[in-house]
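Structure at a glance
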Amino acid sequence: VQLVESGGGLVQAGDSLRLSCAASGSTFSPDAMGWYRQAPGKQRELVATITSGGGSTNYADSVKGRFTLSRDNAKNTMYLQMNSLKPEDTAVYYCHAKRVTWPKYDVWGQGTQVTVSS
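Residues numbered from 1 in each chain as written. Predicted model: local features only at pLDDT ≥ 70, side-chain atom pairs only at ≥ 80, totals over all residues. Heavy atoms only, no water.

Looking at the pairing of strand β3 (residues 17-24)
Strand residues, when the strand is regular, have side chains that alternate between the two faces of the sheet. Heads up, the rule is: Strand pairing follows a simple DSSP-based rule, namely that at least 2 bridges must link the two strands. Helix numbers and strand numbers start at the N terminus; a helix is a DSSP run of H or I with at least 4 residues, a strand a run of E with at least 2.
Where strand β1 (residues 2-6) meets β3, five bridges bridge the pair, whose relative direction is antiparallel. When the sheet's bridge partners are listed, Leu3 is paired in β3 with Ala23. Bridging between β3 and strand β8 (residues 77-82) involves six bridges; their strand directions are antiparallel. Considered in β8, the bridge of Arg18 is made with Gln81.

What follows is the structure in structure tokens.
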């Protein structure tokens, strides 16, 4: 299983971006997927996660009400719609997928840069 993110870029405060995470591989049925981010000099932090089937989502307090995570299972793709972006949202955003039963995997994408100017 491989994950490829896209959609990052340079925007101004208040703008929107949509990140995509496309999964490839013969078998892709994760138990959970999510978006994480890492700003310079900081640890990687959770942004949002979604469980199998898209039944349950979880957001960091800092993005609640502004970011929306969704999945298109038919396309093996996960999205992060980011609205009302703030300079503090500037980071490299990574997608993650995990499956705890066979075939097990725990994979990360390469990351996509999001830069929000004030």
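More follows now that the structure is in view.
A look at the state of the cysteines
Our working definition: Cysteine sulfur pairs qualify as disulfides if the two atoms are within 2.5 Å. For every residue, the accessible area obtained with a 1.4 Å probe (protein chains only) is divided by the maximum for its type, and the residue is called buried under 20%, exposed over 50%, and partly exposed between those limits.
Under the criterion given, the structure shown has one disulfide. Bridging Cys21 to Cys95, the disulfide has an S-S length of 2.1 Å. Taking the sign of the S-S torsion, about 60° here, the bridge from Cys21 to Cys95 comes out right-handed. Of this pair, Cys21 sits in strand β3 while Cys95 sits in strand β9 (residues 91-99), placing them 74 residues apart in sequence. Relative accessible area serves as the criterion here: at 0%, Cys21 is assigned to the buried category.

Coordinates in, geometry out; function isn't part of it.
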